Amino acid sequence: MITALAPDKFDEVVEGLKEVQDPELGVNIVDLGLIYDLAWDDEATALIISMTLTSAGCPLTDVIEGDTANALDGIVDAFRINWVWMPPWGPERITDDGREMMRALGFSI
């Protein structure tokens, strides 16, 4: 994950995003490795979240966007999700914590 945010704001944003669960897997989007980049837009007024999904055909983007809005309320004034598909997501992007969460849910990873 690359960042153009100040370190203190970056940590706060990441912790907020850990509240957003992938609706199908039940693990947060940070530990699943779905977040590719966090940066400010050109005017430094909105956070741009470049992220992907485990499947390009996922119908739950609205749920994730709503949960993200709730999670970042009070942390940033505005944000936009930039959905990206390259590089494609793969299980190698899952953090160690994410792997533990998935094992606890019964996934063999």
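Residues numbered from 1 in each chain as written. Predicted model: local features only at pLDDT ≥ 70, side-chain atom pairs only at ≥ 80, totals over all residues. Heavy atoms only, no water.

A. Region of interest: helix α3 (residues 96-104). Within α3 the residues assigned to the buried category are Gly98, Arg99 and Met102. Along the long axis of α3, the arc covered by the buried residues comes to 100°, so they all point the same way. Those residues of α3 that are exposed and angled more than 90 degrees off the buried face are Asp96 and Ala104. Two residues or fewer past α3, glycine 106 is found with a positive phi of approximately 100°. (Buried < 20%, exposed > 50% of the residue type's maximum accessible area, 1.4 Å probe, protein only. Helix = DSSP H or I, 4+ residues; strand = E, 2+ residues; numbered from the N terminus. Arc of directions from axis to C-beta.)

B. Representation of unusual backbone geometry in the model. Looking along the chain, the bond that leaves methionine 86 and enters proline 87 is cis, with omega of -5°. Looking at where proline 87 falls in the secondary structure, it is placed in the loop between β4 (79-83) and α3. Although it is not a glycine, alanine 44 sits at a positive phi angle of roughly 60°. Along the polypeptide, alanine 44 turns up in the loop between β2 (35-40) and β3 (47-51).

C. The arrangement of the nonpolar core in detail. Among the nonpolar cores identified, the biggest contains 29 residues, and Val13, Leu17, Ile35, Leu38, Ile49, Met51 and Leu72 are the most heavily contacted of them. Looking at this core, the elements that each hand over two or more residues are α1 (7-17), β2, β3 and α2 (61-72). Sort the elements by how many residues they give to this core and α1 lands first, with four residues. (Core = buried A, V, L, I, M, F, W, Y, C linked by side-chain atoms within 4.5 Å.)

Taken by themselves, the reported measurements are silent on function.
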